Amino acid sequence: MLETPERAGTAYPAEDLRRYQFHTGAPLRPLKPDEPCPVLYRDLGPVALRRYLRGTLPRLAGPLTPLLYMRTLSFREPYTDYENTGRLVFLRPLHVQPWDSGVPGVYVARATRPVDLSTVAYCPGSIPLESVEPLAREVADAAELREALGGRVYDEAVSGALHALDGLVAEMESAETRAEPLRRALQSNQRDVRLRARDELARLGLKENDLCAAWHHVPRERRALLMDALPRLRLPG
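To start, this report covers the structure provided alongside it. (Residues numbered from 1 in each chain as written. Predicted model: local features only at pLDDT ≥ 70, side-chain atom pairs only at ≥ 80, totals over all residues. Heavy atoms only, no water.)

1. Brief notes about the nonpolar core
Across soluble globular proteins, you tend to see nonpolar side chains buried next to one another.
Thought 1: Residues Tyr52, Leu88, Val89, Phe90, Tyr122 and Val132 are the most contacted members of the largest nonpolar core, which totals 46 residues.
Thought 2: For this core, the elements supplying multiple residues, two or more each, are β2 (40–42), α2 (46–53), β3 (67–71), β4 (87–90), β6 (106–110), β7 (120–123), α3 (129–136) and α5 (152–186).
Thought 3: With residues up to four places along the chain from it excluded, the contact list for Val132 reads Val89, Cys123, Ile127, Leu145 and Leu149. (Core = buried A, V, L, I, M, F, W, Y, C linked by side-chain atoms within 4.5 Å. Buried < 20%, exposed > 50% of the residue type's maximum accessible area, 1.4 Å probe, protein only. Helix = DSSP H or I, 4+ residues; strand = E, 2+ residues; numbered from the N terminus. Contact = heavy atoms within 4.5 Å.)

Written as structure tokens, this is what we have:
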């Protein structure tokens, strides 16, 4: 059953987040006392997600952002995760004191607020969130969700996801050193440097998105093209 602030057993809201409207671009508001808080999800990205699964991620928000962004099941992310990396599931989201971001389906919390990780679970991409949602509304913590998702079957899915993440991150890191100078040139404040970088992209048959988008947001065939082209890269001079 979805919790409401008045039934969550904790003071809410613990902090006024309205001053962070500049970060979301929309008016923030706390939940009403009788307003159910939905199950919330988060995409960490491959590097952070791998660290989370190994227990070495220091916090669930980005290193510089003041806010932790989460979304509902109905929210459609403005990108495609071509590797289906999976999502974190906040089973007791009121523990992180979320506010409505002003963007439908998006909630935010203070990035520095302590998170009880026993109430956060990982859902591998092989398990549809639509099938997790009704279970997440009923369980109290990650251990109960694990059992609801098959126990050892769930463990095997997580292990497989971590193995895939290892390969994805290794691929990304192998491309990063060679790609970074051209990416920096594309973002230069000197127009002639940017133009020469775009000419180099065209020569290699690449697009700016291949170079600058998050690695798991680039289709596999485009990533393969980039990996093949990088040894032939001529840095704009």
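2. A look at unusual backbone geometry
Thought 1: Cis geometry is adopted by the peptide bond preceding Pro13, which originates at Tyr12 and carries an omega value of -5°.
Thought 2: On the secondary structure map, Pro13 appears in the segment before α1 (21–24).
Thought 3: We note that Asn84 has phi near 50°; this positive angle belongs to a residue other than glycine.
Thought 4: Mapping Asn84 onto the fold places it in the loop between β3 and β4.
Thought 5: Accessibility expressed as a relative area gives 46% for Asn84, which makes it partly exposed.
Thought 6: For Gln97, which is not glycine, the phi torsion reads 60° and is therefore positive.
Thought 7: Structurally, Gln97 is set in the loop between β4 and β5 (99–100).

3. Re the pattern of salt bridges
Thought 1: Applying the stated criterion to the full structure yields 24 salt bridges.
Thought 2: Note that Glu35 and Arg29 form a salt bridge whose closest N and O atoms lie 2.9 Å from each other.
Thought 3: For Arg29, a relative accessible area of 31% translates into the label partly exposed.
Thought 4: Here the salt bridges do not stand alone but share partners, grouping Asp43, Arg71, Glu77, Asp81 and Arg87 into one network. (Salt bridge = Lys/Arg side-chain N within 4 Å of Asp/Glu carboxyl O.)

4. Structural notes on the pairing of β6
Along a regular strand, successive side chains alternate from one face of the sheet to the other.
Thought 1: Burial of β6 is extensive: five of the five residues sit out of reach of the surface.
Thought 2: Sheet analysis places β3 next to β6, joined by five bridges and oriented antiparallel. What sits directly across from Leu68, in β6, is Ala109.
Thought 3: Alignment of β5 against β6, held across two bridges, turns out to be antiparallel. Each residue of the ladder has a partner; that of Trp99, found in β6, is Val108.
Thought 4: A loop of five residues connects β5 with β6, the two strands running antiparallel in sequence, and Gly102 in this loop sits at a positive phi of about 95°. (Pairing = 2+ DSSP bridges.)

5. With respect to α3
Thought 1: What α3 keeps buried is the set Leu129, Val132, Glu133 and Ala136. Buried residues of α3, seen end-on, are gathered within an arc of 115° and therefore sit on one face of the element.
Thought 2: Check the buried side of α3 and you find it contacts β2, β3, β4, β7 and α4 (142–148). (Arc of directions from axis to C-beta.)

6. Here's the deal with the packing of aromatic side chains
Thought 1: Counted under the stated rule, the structure contains one aromatic pair.
Thought 2: Ring geometry for Tyr20 and Phe22: centres 6.3 Å apart, planes at 40°, overall tilted.
Thought 3: We classify Tyr20 as buried; its relative accessible area is 9%.
Thought 4: Take Phe22: its relative accessible area is 62%, and that puts it in the exposed class. (Phe/Tyr/Trp six-rings, centres within 6.5 Å; stacked < 30°, edge-to-face > 60°.)

7. Some details on the side chain of Arg87
Thought 1: As for its placement among the helices and strands, Arg87 is situated in strand β4.
Thought 2: Taking the relative accessible area as the measure of exposure, Arg87 reaches 7% and is therefore buried.
Thought 3: A polar side-chain atom of Arg87 sits 2.9 Å from a polar atom in the side chain of Glu77.
Thought 4: Side-chain polar atoms of Arg87 contact the side chain of Asp81, separated by 3.1 Å.
Thought 5: When sequence neighbours within four positions are dropped, the list of residues in contact with Arg87 reads Tyr41, Arg42, Asp43, Arg71, Glu77, Tyr79, Asp81, Ala121, Tyr122, Cys123 and Leu129. (Polar contact = N/O pair within 3.5 Å; in protein donor to acceptor, adjacent residues only side chain to side chain.)

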